Amino acid sequence: MSLPLKRPFPPMEARSVDVVPVGPEWEYEPKWDGFRCLAFRDGDAIALQSKAGEPLERYFPEMVEALREVKAARFVLDGEIVIPSGKSLSFDDLLMRIHPAESRVRKLAAETPSMLIVFDLLVDERGTSLVDLPLTERRPQLEAFAKRFLKEHDAIRLSPASDDPRDAMRWYEQTRGALDGVIAKRRDLPYRSGDRTGMVKIKQRRTADCVIGGFRYASKGKGEIGSLLLGLYDDAGKLNHVGFTSGLAAIDKKALVPKLEALIEPPGFTGNAPGGPSRWSTERSTEWQPLRPKLVIEVEYDHVSGGRFRHGTRFLRWRPDKAPKQCTYDQIERAEGSLLDLLAGGIRPKAPRSTATKPKRQSAAKARPRVKPSSRGS
């Protein structure tokens, strides 16, 4: 390709925060539950790149064809591949696409076609790179591109955006948990490839993508997995043990045994490893098998203390679209700058216009809306 951006091109990433940041420098978008995707087109050449820099074309052939039908010969779009299911999105259907058999992938592409929701334009139809422009200039160009080239393409949609934080609140309330969360982007910054300083995410649930660095067999013996040992990479590139997940109800624990045993290889964790026995642990609880760092899962957690999950986590799903090296501590290092907005009163709704008698003043507790994700707790 002769585009100004060479693949793999690291997408801009987001840092987790607890509350919606407020200020004129922020713009807000829904956070979609799918596979991050950079879509490259240069004439007849089309490429889909995952967040980890891997090609996705063979898994989403229908999206390649949809992009080929766009009447712009050159562009690079940043977006999210999703699969609609009723009024929601199905991440399970996305996972089914990561299959080695082309015939199976094409069958699924026909039965459950994907959609690309775009939220940034990195190269325009003239082949000009826009990554050095601030979002205040990129977003209008994306909207103009969508109006001109994507209006008749149901498989490629423009993600909504707003400079009003109350819209982010409404997205939370109206989707009732179906939305993955909210994204807030700095309007005054350029596209920060491979960086987390220009964008934050506020998720409906507190989750993290972790590497499986080892496992323990169930107490009944080696025929079943008891728990998965989780790791995150530090700044030195060391994989540190940060906790475990034993809530494996969604996994066939017996079928998982050969998959994990095929990856057994020391040391498992190259930094902090699972500790030795304590006065509370049994001898068996200290026995674990180290794994090559190949598998990534998403887990739900409650608290972090000393760089570790304070309690056991809950398995949510496999993440074959994520590279192990992307599983870093910045997922669980939560910024506190946004707490100033919370202390200042957070996000207040606009008072409705009315000619009626002025209502009685509410107490501060009733008048102030919540700014934290309210449900299942990055």
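An account of the accompanying structure is given in this report. (Residues numbered from 1 in each chain as written. Predicted model: local features only at pLDDT ≥ 70, side-chain atom pairs only at ≥ 80, totals over all residues. Heavy atoms only, no water.)

A word on the sheet that holds strand β9 (residues 156-158)
Here comes step 1: Spatially, five strands are ordered β4-β3-β5-β8-β9 in an open sheet, and the strand pairing comes out mixed. In this open sheet, the two strands that pair with only one neighbour each are β4 (45-50) and β9. For this sheet, the mean inter-axis angle between neighbouring strands, taken without regard to orientation, is 35°.
Here comes step 2: Where helix α1 (residues 61-68) meets the sheet, it contacts β3 (35-42), β4, β5 (74-82), β8 (115-123) and β9, and its direction lies at approximately 130° from that of β4.
Here comes step 3: Sitting on the sheet, helix α4 (residues 135-150) is in contact with β5, β8 and β9, with an inclination near 125° to β8. (Pairing = 2+ DSSP bridges. Helix = DSSP H or I, 4+ residues; strand = E, 2+ residues; numbered from the N terminus. Axes fitted to C-alpha atoms, helices over the stretch in contact; angles between N-to-C directions. Contact = heavy atoms within 4.5 Å.)

Describing the pattern of salt bridges
Side chains that carry opposite charge are capable of pairing whenever their charged atoms lie near each other.
Here comes step 1: Under the counting rule described, the total for this entry stands at 27 salt bridges.
Here comes step 2: One salt bridge connects D209 with K322, and the closest N-O pair in it is separated by 2.5 Å. With a gap of 113 residues between them, D209 in strand β12 (residues 207-218) and K322 in the loop between β19 (313-318) and α7 (339-343) connect regions that are remote in the sequence.
Here comes step 3: Taking relative accessible area as the criterion, D209 reaches 7% and is therefore assigned buried.
Here comes step 4: The buried category is assigned to K322, whose relative accessible area is 8%.
Here comes step 5: Bridged by salt links that share partners, the residues D33, D209, E298, R317, R319, D321 and K322 form one connected network. (Salt bridge = Lys/Arg side-chain N within 4 Å of Asp/Glu carboxyl O. Buried < 20%, exposed > 50% of the residue type's maximum accessible area, 1.4 Å probe, protein only.)

What about the environment of F149?
Here comes step 1: With respect to the helices and strands, the residue F149 is situated in helix α4.
Here comes step 2: C-alpha separation for the pair F149 and V70, spaced 79 residues apart in sequence, amounts to 6.2 Å.
Here comes step 3: What F149 contacts, discounting residues up to four positions off in sequence, is V70, K71, A72 and E125.

Focus: the nonpolar core
Here comes step 1: I225, L228, L260 and F309 are the most contacted members of the largest nonpolar core, which has 32 residues in total.
Here comes step 2: If you list the elements that add at least two residues to this core, you get β12, β13 (221-233), β14 (239-247), α6 (253-261) and β16 (296-300).
Here comes step 3: Not counting residues up to four positions away in its chain, the partners in contact with I225 are F215, R216, Y217, A218, L248, K253, L256, V257 and L260.
Here comes step 4: F60, I83, L116 and F145 belong to the second-largest nonpolar core, a separate cluster that totals 31 residues. (Core = buried A, V, L, I, M, F, W, Y, C linked by side-chain atoms within 4.5 Å.)

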